[in-house]
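Read off the chains here:
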Amino acid sequence: MAKVESFQLDHTKVKAPYVRLITVEKGQKGDAISNFDLRLVQPNENAIPTAGLHTIEHLLAGLLRDRMDGVIDCSPFGCRTGFHLIMWGEPTTTEVAKALKSSLAQIANDIKWEDVPGTDITSCGNYRDHSLFSAKQWSRDILEKGISDDPFDRNVI
């Protein structure tokens, strides 16, 4: 089986919340695709409940696109500690951390239920499993801790 970089990472050494560049892949024509680890909670110490994570996922899908060009996808980790962010180009971890911080602040402070996309049977595969209350609480907690642009040294942006 192929080795996956994320499973080679020593999860006991990282200090969440942080943004980490996992890899930059180059296409045959030179296009770059960057894969980021948006780690919101400390691995093996906490996990965001599914309903809150699901709501954060739906909101980040639009909020990150509002703040950065080239977002391809933002998908949650199965361990529920954060997200993969896949982007065209090679933005810096600082640029991504600033966009994430701003997005989480909007979730924590401004978003209302009617602002959450994909919360009905026609637009979501598990539309009953959302919690804006949880998404707001976790966003506030993450912002209180501060988001670092380095996974090993706390360099809060």
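Residues numbered from 1 in each chain as written. Predicted model: local features only at pLDDT ≥ 70, side-chain atom pairs only at ≥ 80, totals over all residues. Heavy atoms only, no water.

**Focus on the overall build of the protein**
What counts here: Starting at the N terminus, helices and strands are each numbered in turn, a helix being any DSSP run of H or I of at least four residues and a strand any DSSP run of E of at least two. This radius of gyration counts C-alpha atoms alone. The globule rule is 2.2 Å times how many residues there are, raised to the power 0.38. We call two residues contacting when some pair of their heavy atoms lies within 4.5 Å. To be clear on the numbers: accessible area is Shrake-Rupley with a 1.4 Å probe, and residue cover counts the displayed protein chains and nothing else. Charged-residue counts in this description rest on Lys and Arg as positive and Asp and Glu as negative, His and the chain ends being excluded. For the purpose of locating charges, the reference atoms are NZ of Lys, CZ of Arg, CG of Asp and CD of Glu.
Of regular secondary structure, the protein possesses four helices and four strands. Sequence-ordered secondary structure for the protein, helices as α and strands as β, is α-β-β-α-β-β-α-α. Expected size for 157 residues packed as a compact globule is a radius of gyration near 15 Å; at 15 Å, the protein falls within 12% of this value. Look at the contacts in the protein between residues 6 or more apart in sequence, and 65% of them connect residues 24 or more apart. Within the structure as shown, the protein displays about 8500 Å² of accessible surface, and the carbon and sulfur contribution to it stands at 50%. Taken as two groups, the 18 positive and 22 negative side-chain charges of the protein have centres that lie 3 Å from each other.

**Quick look at the environment of F152**
Assignment of secondary structure puts F152 in the segment after α4 (132-145). Through-space distance from the C-alpha of F152 to that of V71 is 25 Å; in sequence the pair is 81 residues apart.

**Considering the UniProt feature "binding site: Fe cation" (unreviewed entry) in the protein**
Cut-off, in case you're wondering: UniProt positions are given in the numbering used here, feature names are shortened, and annotations may be inferred rather than shown by experiment. Only protein chains enter the area calculation, which uses a 1.4 Å probe; residues under 20% of their type maximum are buried, those over 50% are exposed, and those in between are partly exposed.
Taking the numbering used here, the UniProt-annotated feature "binding site: Fe cation" (unreviewed entry) corresponds to H54, H58 and C124. With the annotated positions falling across 71 residues, the maximum pairwise C-alpha distance of 10.3 Å places them together in a single cluster. Residue position: H54 is located in helix α2 (residues 50-67). Taking the relative accessible area as the measure of exposure, H54 reaches 12% and is therefore buried. Apart from the residues lying within four places of it in its own chain, the contact partners of H54 are C124, N126, D129 and H130. Structurally, H58 can be placed in helix α2.

**Some remarks on the packing of α2 against helix α3 (residues 93-109)**
Note the threshold: Note on definitions: angles span 0 to 180 degrees between N-to-C directions of axes, and those axes are lines fitted to C-alpha atoms, for helices only across the stretch in contact. An angle below 35 degrees is read as roughly parallel, one above 145 as roughly antiparallel, one from 65 to 115 as roughly perpendicular, and any other as oblique. Crossing handedness is read from the near helix: turned anticlockwise from the far helix by less than a right angle, it gives a left-handed crossing, and turned clockwise, a right-handed one. Residues are grouped as follows: nonpolar covers Ala, Val, Leu, Ile, Met, Phe, Trp, Tyr, Cys and Pro; charged covers Asp, Glu, Lys and Arg; every other residue, Gly included, is treated as polar.
Relative to each other, α2 and α3 sit at 125°, their axes nearing to 9 Å. Regarding the angle of α2 to α3, the classification is oblique. Helix-helix and strand crossings are classified by hand; for α2 and α3 the assignment is right-handed. Listed contacts from α3 to I56, L59, L60, L63, L64 and R67 of α2 are A99, L100, S102, S103, Q106 and I107. Classifying every residue of the contact of α2 with α3 gives eight nonpolar, three polar and one charged.

**Details of the sheet that holds strand β1 (residues 18-26)**
Rules: DSSP-based pairing: two strands are paired if at least 2 bridges between them are found.
On the basis of which strands lie adjacent, the open sheet formed by four strands has the order β1-β2-β4-β3 and antiparallel pairing. Lying at the two open borders of the sheet, with one neighbouring strand each, are β1 and β3 (71-76). Taken pair by pair, the neighbouring strands of this sheet meet at an average axis angle of 15°, ignoring direction. Here β3 pairs with strand β4 (residues 82-88) via five bridges, running antiparallel.

**A closer look at α2**
Convention followed: Take the residue count of a helix, subtract one, and multiply by 1.5 Å to get its expected span. We define the bend at any residue as the angle between the axes fitted to the seven residues before and including it, ending there, and the seven starting there.
Compared with an ideal rise of 1.5 Å per residue, which puts 18 residues at 26 Å, α2 spans 25 Å between its outermost C-alpha atoms and is within 8% of the ideal. Maximum bend of α2: about 35°, positioned at L60. Burial in α2 covers these residues: A51, G52, L53, H54, T55, I56, H58, L59, L60, L63 and L64. If you follow the buried residues of α2, they end up packed against β2 (32-39), β3, β4, α3 and α4.

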